[in-house]
Amino acid sequence: MTEELFREDSYLKSCTAKVVSAGPEGVVLDRTVFYPTGGGQPGDSGTMKTMAGEVAIADTVKGEGGITHVLADGARLPAVGEEVEVTLDWDRRYRHMRTHTALHILCSVVDGGVTGGQIGELKGRLDFDIPGERPEKETLTAKLNEVIAGNHPVSLSWITDAELQANPDLVRTMSVKPPMGSGKVRMVRIGEDVDFQPCGGTHVRSTAEIGTVQVGKIENKGKQNRRINITLAD
């Protein structure tokens with residue numbers, strides 16, 4: 001399986017790697033900085049430098065053999081065993097990171113389980129199971145920006161599967177459970193007590209990097225489901 005360098009350091013922008021397999025579905029490497037689509041976060045895009053030249057990586061997905069780098073149509077495939085260099089479209093990735101961390105903060109200020117979500121470039125949404133009245137968006141915007149302005153550090157850690165099972169309240173997502181079975185689960189902590197939950201995605205190092213956030217539409221999506229949309233300043 002592919003060594004996932006982004007799990008330990010979201011700020012790595014490129015790496016060298018060896019080709020494990022290459023075919024119509026894409027290229028699998030022995031390691032990568034590219035995040036594959038999952039958990040509401042889009043797969044990374046960028047470039048791959050091969051012996052034949054540079055080709056575009058249009059998307060990144062999870063495959064049976066490891067993380068698959070989907071090349072642009074017509075791109076020449078590298079040979080198995082060849083050493084290549086992959087480089088992120090960093091601006092796009094960083095916008096996803098800012099949005100992702102902002103959505104974790106949204107989790108911390110809204111009282112309700114998360115039933116779905118989507119991360120985009122400087123915009124995102126979460127669906128919450130909230131009975132009763134919808135939150136008031138001006139109040140929610142003020143709460144979000146107050147936390148963000150606190151310049152809280154964002155850190156990574158790992159706990160065991162058993163520790164997570166013993167603390168089920170750490171899981172905020174109702175429809176998707178964190179991957180278990182490897183013996184450990186990746187956790188993301190914001191500040192001392194802002195937020196702490198399982199997550200495999202990429203994040204900024206400090207809430208101050210997010211910038212200003214505006215809560216947009218708060219929509220009813222069912223009897224108790226409330227969709228909260230946010231937008232980040234460029």
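Values in this document were obtained by computation on a predicted structure and should not be read as measured data. (Residues numbered from 1 in each chain as written. Predicted model: local features only at pLDDT ≥ 70, side-chain atom pairs only at ≥ 80, totals over all residues. Heavy atoms only, no water.)

1. A word on the pairing of strand β5 (residues 46–50)
Here five bridges tie β5 to strand β6 (residues 53–63), and the two strands are oriented antiparallel to one another. Bridge pairing links Thr 47 to Ala 56 in β6. Between β5 and β6, which pair antiparallel in sequence order, lie two residues. Bridge analysis of β5 against strand β8 (residues 83–88) gives four bridges, and the strand direction is antiparallel. From the neighbouring strand, Met 48 faces β8, where its bridge partner is Val 86. (Pairing = 2+ DSSP bridges. Helix = DSSP H or I, 4+ residues; strand = E, 2+ residues; numbered from the N terminus.)

2. Overview of helix α1 (residues 90–109)
Since there are 3.6 residues in each turn of an α-helix, residues three or four apart along the chain are aligned in direction. Helix length check: α1, at 20 residues, gives a terminal C-alpha distance of 29 Å against a target of 28 Å (1.5 Å per residue), a fit within 8%. Counting buried residues in α1 gives 15 out of 20 residues, a clear majority hidden from the surface. (Expected span 1.5 Å × (residues − 1). Buried < 20%, exposed > 50% of the residue type's maximum accessible area, 1.4 Å probe, protein only.)

3. Some words on the sheet that holds β8
If you walk around this closed barrel you meet the six strands as β2-β3-β7-β6-β5-β8, and the pairing is antiparallel. Along the sheet, successive strands turn relative to each other by an average axial angle of 45°, direction set aside. Summarising the sheet, β6 and strand β7 (residues 66–71) pair through six bridges and their orientation is antiparallel. Residue Val 61 lies in a different strand from β7, and its bridge partner there is Thr 68. (Axes fitted to C-alpha atoms, helices over the stretch in contact; angles between N-to-C directions.)

4. Digging into the packing of aromatic side chains
According to the stated counting rule, one finds four aromatic pairs in the structure shown. Each ring, one from Trp 90 and one from Tyr 94, has its centre 5.6 Å from the other, and the planes form 25°; the classification is stacked. Remark: Tyr 94 and Trp 90 occur in helix α1; sequence separation between them is four residues, near one turn of the helix. The ring of Trp 90 carries the charged tip of Lys 13 above its face, separated from the ring centre by 4.4 Å. Its end group placed over the ring of Tyr 11, Arg 205 keeps NZ or CZ at 3.7 Å from the ring centre. (Phe/Tyr/Trp six-rings, centres within 6.5 Å; stacked < 30°, edge-to-face > 60°. Lys NZ or Arg CZ within 6 Å of the ring centre and 35° of its normal.)

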